[in-house]
Amino acid sequence: MPALVPRPTQAAFRPGHFSLDDDTALHIGAGAEPAADLLRTLLAPATGLALPRSPEGQFTLALDSALGHLGEEGYILSVDPHTALLRAAHPTGLLRGIQTIRQLLPLEALSAIPRPGTRWLLPCAEITDIPQHPWRGAMLDVARHFQPVSYLRRYVDLLALHKISVFHLHLTDDQGWRMPVAAYPKLTEIGGHRTQSQTGPAGGDAFDGVPHGGAYTRAELEGLVRYAAARGVTVMPEIEMPGHVRAALAAYPRLGNHPERALDVWTRWGVCDTVLGVHDEVLDFCRTVLDEVMDVFPSPYIHVGGEECPTTEWTHSVAARERAVSQGLADPEALHGWFLARIGDFLVGRGRRPIGWAETGAELPLDFTVMTWRDPAHTLTAARRGHPVVSAYHRATYLDYAQTGGAHEPRAQPGPVVDLRAVHAHDPVPEDADDRAAGRVLGTQTQLWTEFVTTPAHIEYLTYPRLCALADRGWSGATDWADFSSRLAEHTARLDALGVERHP
Ligand code: ACM
C-alpha cells in the first residue's frame, strides 16, 4: 500500500492500475470544475496531460449530495483498471481527494519539469477519507521577517499537499506591519520597515545594523487568497491588538498612550511595553483596519492576537484610567478584556468569528474562538467555558524551537526541543475532556515565529517534516509512531521531489 500522509480513514488496495495517458478524459459533474482545474494544474508540468472534458471521460469528478456524512472535506476515491471516480459532498472534499491522487501517482508526478517516459499509473483502490479535526493549520509570521508573496504561494502548495485547511498569516507585530490599509498608508510606509534587528535572544544588545522590511500590495494578498482557495486552504489573517503594535504606533503615535512620543519600529525581540491607547480614535482605527482586512480575506475567522499585552501604560495613563472608571471596570488591567470585547462585537456584527491567543483560556470574551499555546490545561479551561478551541501548544507545535538538541542545528528560538515525536504525539483534545469539551476542540496548528528565520530555506528546514506529523495527527487522529514513521520515510521522497529543504 502506498504510504499516504496524512493516512486515509479507510483504504483498500487491489492489484492493477488505472493509467492516465493522452486518451484520458475527465467526466466533470456540476460544481466539480474547480477540482478538475486543480488536477490539471498540478499534473500538467510533469505529465503534460491535457485531461480534456468529455461526458465519456473515464475519470469522473463529481459532487454527490447523498454523501453528506463525509462532511466538508471528506471524499471517496474508487479506482479500477478502466475508471477512476472521485466523489465528495462538497467541493473542498474533491480538492482533498486530488492531493491523495497526487500522492498515489509515481513520484515523478511532483516534478516541475516534464518527465516523458513515465507511466502515470494510479493503483486500484477504494478509499474513504474523512478528517478527524476540521482545523489543521499552519501559522507563518511574516511580520518579524517578510517573505514575498511568491514564496507564500509555494508555502500554500506544500500545505495543500498535506491537506492543511488553514493558513494563518501573522501580518503585524512590533517589528513590522505588512498589509496596506488605504485609510492609514503610513502603516506600511513607516511601519513596514525597521532600521535593524537584534541578533540574539530578547534582552541582549547585539544588532545586525541592517534594515529589514517589506509589505504586500492588496492585489498580492487578494491573489494569495484566491490561490489558496483553489487548493482548499483558507488564509486567516492576524492583526495584533492591543499589544504587539509598536510598528503601528511608529506610524501613528496618536494611537498610543503617549501621542507626543516618537517611536521606532521595534528592533528588539520579546514583549514590548508599548500598547494601543483605549480612546475612541483607537477603536475607530481598529474597525477601519479590520473592515479592509475583511474585504481582502473572506476567512470566517479573523485573528486579533490579544496576547502579551502589558498594562503598565494604561495604569499610568490618566485617559486610560478614566476610561476604566467610565466603563465600570475594576482596574486598568480589565481594559484588555473590554477592548477585545468591543473588537469581538464588531467582527461578529460583520458576520465573522473573532479568534485570539489565550493566556489562560479564561480571559477572552465568550464569543471568541481561543488559540491556546502556553499549556494544554488552558484548552480544557477554554472548552469548559464554551469557547471553540484550537490547540497551539508550544511544546508540540512551535516550529521555531529546534527539532533536535544537536549543535549543528541553525539558530532557533531559545526554549524546549520540539522533535518530530512531540508533534506526532500531541493530541489537541486534552485527556480529561468530557465529550462536550472535546467537541469544542476544532483541531491544531503549527506556529513558525520568525525572529531568527529569514529565508525560505530556513522556513522549510524548520517546517518539514514536523508539519507532516501535525497534518497526520489532525487529519487521521492518533496513529502509532511506527506506522507514521514508516509512511514518513516514503513521504520524504515526495518532499525531496518538490525541492523541500527539510530537516534530515
Ligand atoms: C505567542 O507565542 N506570542 C502566542
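Residues numbered from 1 in each chain as written. Predicted model: local features only at pLDDT ≥ 70, side-chain atom pairs only at ≥ 80, totals over all residues. Heavy atoms only, no water.

(A) A look at the packing of helix 3 (residues 149-161) against helix 5 (residues 218-229). Orientation of helix 3 relative to helix 5, taken along the N-to-C sense of each, is 15°, at an axis distance of 10 Å. Classed by the angle they form, the pair helix 3 and helix 5 counts as roughly parallel. Relative to helix 5, the crossing made by helix 3 is right-handed. For the pair helix 3 and helix 5, the contacting residues are Val149, Leu152, Arg153, Val156 and Asp157 in the first and Glu220, Leu224, Tyr227 and Ala228 in the second. Of the residues in the contact of helix 3 with helix 5, the class split is six nonpolar, no polar and three charged. (Axes fitted to C-alpha atoms, helices over the stretch in contact; angles between N-to-C directions. Helix = DSSP H or I, 4+ residues; strand = E, 2+ residues; numbered from the N terminus. Parallel < 35°, antiparallel > 145°, perpendicular 65-115°, else oblique. Left-handed = near helix turned anticlockwise from the far one by under 90°. Contact = heavy atoms within 4.5 Å. Nonpolar A, V, L, I, M, F, W, Y, C, P; charged D, E, K, R; others polar.)

(B) Structural context of the pattern of salt bridges. The final tally for this structure, using the stated rule, is 23 salt bridges. Glutamate 33 serves as the salt-bridge partner of arginine 53, at 3.3 Å between the closest nitrogen and oxygen. Here arginine 53, found in the loop between helix 1 (33-47) and strand 3 (59-63), pairs with glutamate 33, found in helix 1; they are 20 residues apart in sequence, far enough to count as distant. For glutamate 33, a relative accessible area of 30% puts it in the partly exposed group. Bridged by salt links that share partners, the residues Arg7, Asp472, Asp483 and Arg487 form one connected network. (Salt bridge = Lys/Arg side-chain N within 4 Å of Asp/Glu carboxyl O. Buried < 20%, exposed > 50% of the residue type's maximum accessible area, 1.4 Å probe, protein only.)

(C) Focus on helix 11 (residues 376-385). Three or more residues of helix 11 are buried, namely His378, Thr379, Leu380, Ala382 and Ala383. Contacts from the buried residues of helix 11 go to strand 16 (369-372), strand 17 (389-391), helix 14 (435-439) and strand 18 (441-448). Its side-chain oxygen placed 2.7 Å from the backbone nitrogen of alanine 377, aspartate 375 serves as the N-cap of helix 11. (Polar contact = N/O pair within 3.5 Å; in protein donor to acceptor, adjacent residues only side chain to side chain.)

(D) Broad picture of the packing of aromatic side chains. In total, this model carries 14 aromatic pairs according to the counting rule given. Centroid distance tyrosine 398 to tryptophan 449: 6.2 Å. Interplanar angle 55°. Geometry classified as tilted. With tyrosine 398 in the loop between helix 12 (394-397) and helix 13 (420-425) and tryptophan 449 in the loop between strand 18 and helix 15 (456-463), the pair connects residues that are 51 residues apart, well separated along the chain. Each member of the pair, tyrosine 398 as well as tryptophan 449, is classed as buried. By way of ring pairs, the aromatic residues Trp357, Trp373, Tyr398, Tyr401 and Trp449 are connected into one cluster. The side chain of arginine 153 reaches across the aromatic face of tyrosine 227, ending 5.9 Å from its centre. Sitting over the ring of tyrosine 227, arginine 231 keeps its end group 3.6 Å from the ring centre. (Phe/Tyr/Trp six-rings, centres within 6.5 Å; stacked < 30°, edge-to-face > 60°. Lys NZ or Arg CZ within 6 Å of the ring centre and 35° of its normal.)

(E) Local environment of the nonpolar core. If you look at the biggest cluster of nonpolar residues, it comprises 114 residues, and the most contacted ones within it are Phe167, Trp177, Met241, Leu290 and Phe339. Within the second largest apolar cluster, 35 residues are counted, among which are Leu38, Leu42, Tyr75 and Ala125. (Core = buried A, V, L, I, M, F, W, Y, C linked by side-chain atoms within 4.5 Å.)

(F) Region of the structure containing the sheet that holds strand 3. Within the open sheet, the six strands sit side by side as 1-6-4-5-3-2. Their pairing is mixed. Each edge of the open sheet carries a strand with a single partner, namely strand 1 (10-20) and strand 2 (26-28). Averaged over all adjacent pairs, the angle separating strand axes in this sheet is 20°, with direction ignored. Alignment of strand 4 (residues 75-79) against strand 6 (residues 120-129), held across five bridges, turns out to be antiparallel. Across the sheet, valine 79 pairs through a bridge with alanine 125, a residue of strand 6. Sheet strands in contact with helix 1 are strand 1, strand 2, strand 3 and strand 6, and its direction is about 160° off that of strand 2. (Pairing = 2+ DSSP bridges.)

(G) Summary view of unusual backbone geometry. A cis amide bond links valine 5 with the next residue in sequence, proline 6, at an omega value of 0°. With respect to the helices and strands, proline 6 occurs in the segment before strand 1. Residue proline 465 is reached from tyrosine 464 by a cis peptide bond, and omega for that bond is 10°. Here proline 465 shows up in the loop between helix 15 and helix 16 (466-476). Despite not being glycine, histidine 244 has its phi angle at roughly 55°, a positive value. For histidine 244, a relative accessible area of 2% gives the class buried. A positive phi angle is found at glutamate 308, which is not glycine, with a value near 50°. Mapping glutamate 308 onto the fold places it in the loop between strand 14 (301-305) and helix 8 (312-316).

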